[in-house]
Amino acid sequence: MGLKTREEYIESIRQMNPTAYMFGEKITNVVDNPRLRAGIEATAVTYEMAEMEEYKKYMVTESPLINEPVNRFTLPPSSIEDLVARVKINRALANRVGTCHQRCTGLDCLSALAIVTYEVDQKHGTKYHENFNNFLKYMQENDLAGNAGVTDVKGDRSLNPQDQEDKDMYLRIVEKRDDGIVVRGAKAHQTGSLSSHEIIVIPTRALRKGDEEYAVAFSVPADSPGLIHVVGRSTLDMREMEGCDVGNVKYSKYCPTLIFDDVFVPWDRVFLCGEVEFAVDMVVKFSSFHRQSHGGCKSGKIDCMIGTAMTMMDYNGTSKVGHHKQKIIDMIHRAETLYGCCLASSYEGKEQPSGAYFIDTVLANASKMHEGKEMSEATRLMVDICGGYVADLPSDKDFENPEVGDLIKKYMKGANGVPVEKRIKMFRLAEKLAMESADTISDIHGGGSPEAHRVTILRETNTEQKKKAAQRLAGIEE
Ligand SMILES: Cc1cc2nc3c(=O)[nH]c(=O)nc-3n(C[C@H](O)[C@H](O)[C@H](O)COP(=O)(O)OP(=O)(O)OC[C@H]3O[C@@H](n4cnc5c(N)ncnc54)[C@H](O)[C@@H]3O)c2cc1C
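Residues numbered from 1 in each chain as written. Predicted model: local features only at pLDDT ≥ 70, side-chain atom pairs only at ≥ 80, totals over all residues. Heavy atoms only, no water.

### Details of the sheet that holds strand β7 (residues 180–187)
Hydrogen bonding along the main chain pairs the strands of a sheet, whether they run parallel or antiparallel. Overall, mixed pairing links the 6 strands, which are arranged β2-β1-β10-β11-β7-β6 in an open sheet. Two strands lie at the open edges of the sheet, namely β2 (25–27) and β6 (172–176), each paired on one side alone. Across the sheet, the mean angle separating the axes of adjacent strands is 20° when strand polarity is ignored. Two elements, β7 and strand β11 (residues 256–266), share 7 bridges in a ladder whose sense is antiparallel. Bridged to Ala-186 within β11 is Ile-259. (Pairing = 2+ DSSP bridges. Helix = DSSP H or I, 4+ residues; strand = E, 2+ residues; numbered from the N terminus. Axes fitted to C-alpha atoms, helices over the stretch in contact; angles between N-to-C directions.)

Rendered as structure tokens:
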């Protein structure tokens, strides 16, 4: 009980027995699979940093629920300070892992549920908030990692859940029993589901009357019977499997498709069951929180790209080149704008009726829109500065080859005095930062597609106030 060490976290994942497939094979040992281990190692840093003196003040805080120190990734925010800390820890974590640490999505679900379950209970006299708080206690007392099961596979995008030819295209309740419910469906792109102890599910979209079977939120252990993780490919995955050409970075990201093949959920783990009008609140709250998490994380990733680009300038002999310095400025301002927008969304946060705090939605969505476009620009600038070997660095095996190894090293030399091995390592890092698809594509689609951010911005902005300001200035008084 209490805060887990990095080793205790990895051991706790080892104790689980999930059903998982990858490359057409059943995976029986998740923790020692090199590809999955790289993801688990990234999540393990959220435990490791909680033990490090310099990060403790952000990573560890007192839970008002259990009156004990907890890892922030199990704490729904209950103050502006908590909202700000979310952004800071995500940036610090990205600095250390250079990819997705995978634990933010669970916190974002907990944060949304801490607000919405209370509101459902107020209207319907249900006891979802009590269920949720009991579950939260369990998460905090055991320092568990949660995965966000939000994105349904959705079938025909032009059709509502109830109108789909196959009714399982959105996760739904197929049976209600005395002891709980049975759910069926599939959630796509489940970041780090095998690095997590719990799968926390909420609806993926607004629902309407007739969609009651789809209005469901709950949590189940990641190794529940009927739950099947099918790990998706990512551009550099075979390198992890082969242990070759991965560079020095031992962290990575993987995203399974998670099939719920009639999974049982006991009633005390159910947080929504048929109250269709609250589906939209859950998904808007989750996705706003998650878009804000992204901004903290991705500003930290741009930090890594800036560091890579500047080191390569030293290694290539371009550190005094004017256009490179300008491009570094262009990268820094992108990171800081993203970070600033997320911090602002925290400082503008408000207390909700449950006592939990919610960020400013418009600012959080504005930061995600910025991320969607500007991460690719930051990547372009890093690659421009580093040079073409980001694309086609010879293999580790060629560098080690007795016939050709020394020759390649001779011709890969950069600035005088820089060991060629260092230059090679930096190119490998630049490649990873630019091309790890499971991470880079999340800049665009993670937390919802770009159009979802735009729609939220328009819906949540007080446009009437802006019209009134203009009308007053123009002398048009209504
Ligand atoms: C790397 C990565 C990690 C992720 N991690 C998680 C995770 O941990 N948990 C989780 O739950 N989800 C996760 N997601 C899922 C993410 O939220 C979705 O990818 C995103 O919401 C888009 O859904 P989709 O992939 O089904 O694409 P689609 O919804 O099919 O969108 C494709 C395009 O079609 C448009 N579109 C779709 N339907 C409509 C419509 N009806 N009207 C108009 N336009 C439409 C979209 O705007 C977009 O332009 C992750 C995604 C990625 C890429």
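What follows picks up the thread again.
### Here we look at the pairing of strand β5 (residues 146–149)
Taking every second residue as pointing to the same face, both faces of β5 are buried, with Gly-146 and Ala-148 on one and Asn-147 and Gly-149 on the other. The pairing of β5 with strand β8 (residues 198–201) spans 4 bridges and is parallel. Directly across from Ala-148, in β8, lies its bridge partner Ile-200. (Buried < 20%, exposed > 50% of the residue type's maximum accessible area, 1.4 Å probe, protein only.)

### Looking at the sheet that holds strand β9 (residues 216–221)
Across the sheet, which stays open at both edges, the 4 strands sit in the order β5-β8-β9-β12 with mixed pairing between neighbours. Two strands close off the open sheet at either side, each with one partner strand: β5 and β12 (270–273). Across the sheet, the mean angle from the axis of one strand to that of its neighbour is 20°, orientation sign disregarded. Lying over the sheet, helix α6 (residues 128–142) contacts β5, β8, β9 and β12, oriented at roughly 150° with respect to β12. (Contact = heavy atoms within 4.5 Å.)

### Details of the packing of helix α4 (residues 80–97) against helix α9 (residues 322–347)
Running from N to C, α4 and α9 point in directions that differ by 155°, and their axes come no closer than 8 Å. Comparing the axis directions of α4 and α9 gives the class roughly antiparallel. The two elements α4 and α9 cross, and the hand of that crossing is right-handed. Each of Ile-80, Leu-83, Val-84, Val-87, Lys-88 and Arg-91 in α4 lies in contact with α9, whose residues at this interface are Ala-335, Glu-336, Tyr-339, Cys-342, Leu-343, Ser-346 and Tyr-347. Of the residues contributing to the contact of α4 with α9, the split by class is 9 nonpolar, 1 polar and 3 charged. (Parallel < 35°, antiparallel > 145°, perpendicular 65-115°, else oblique. Left-handed = near helix turned anticlockwise from the far one by under 90°. Nonpolar A, V, L, I, M, F, W, Y, C, P; charged D, E, K, R; others polar.)

### Points about the site of the ligand
What surrounds the ligand is a group of 20 residues, the closest being Thr-151, Lys-154, Arg-157, His-189 and Thr-191. Lys-154 is positioned such that a nitrogen or oxygen atom in its side chain is 2.8 Å from an oxygen atom of the ligand. Here the ligand, which alone exposes 960 Å², has 66% of that area covered by the protein. Counted by class, the shell around the ligand contains 6 nonpolar, 10 polar and 4 charged residues. Here the shell around the ligand spans two domains, since at least three of its residues come from each of domain 1 (6–279) and domain 2 (282–463). (Near = heavy atom within 4 Å. Polar contact = N/O pair within 3.5 Å; in protein donor to acceptor, adjacent residues only side chain to side chain. Areas by Shrake-Rupley, 256 points an atom, 1.4 Å probe, with all protein chains shown as cover. Domains from an automatic or database assignment.)

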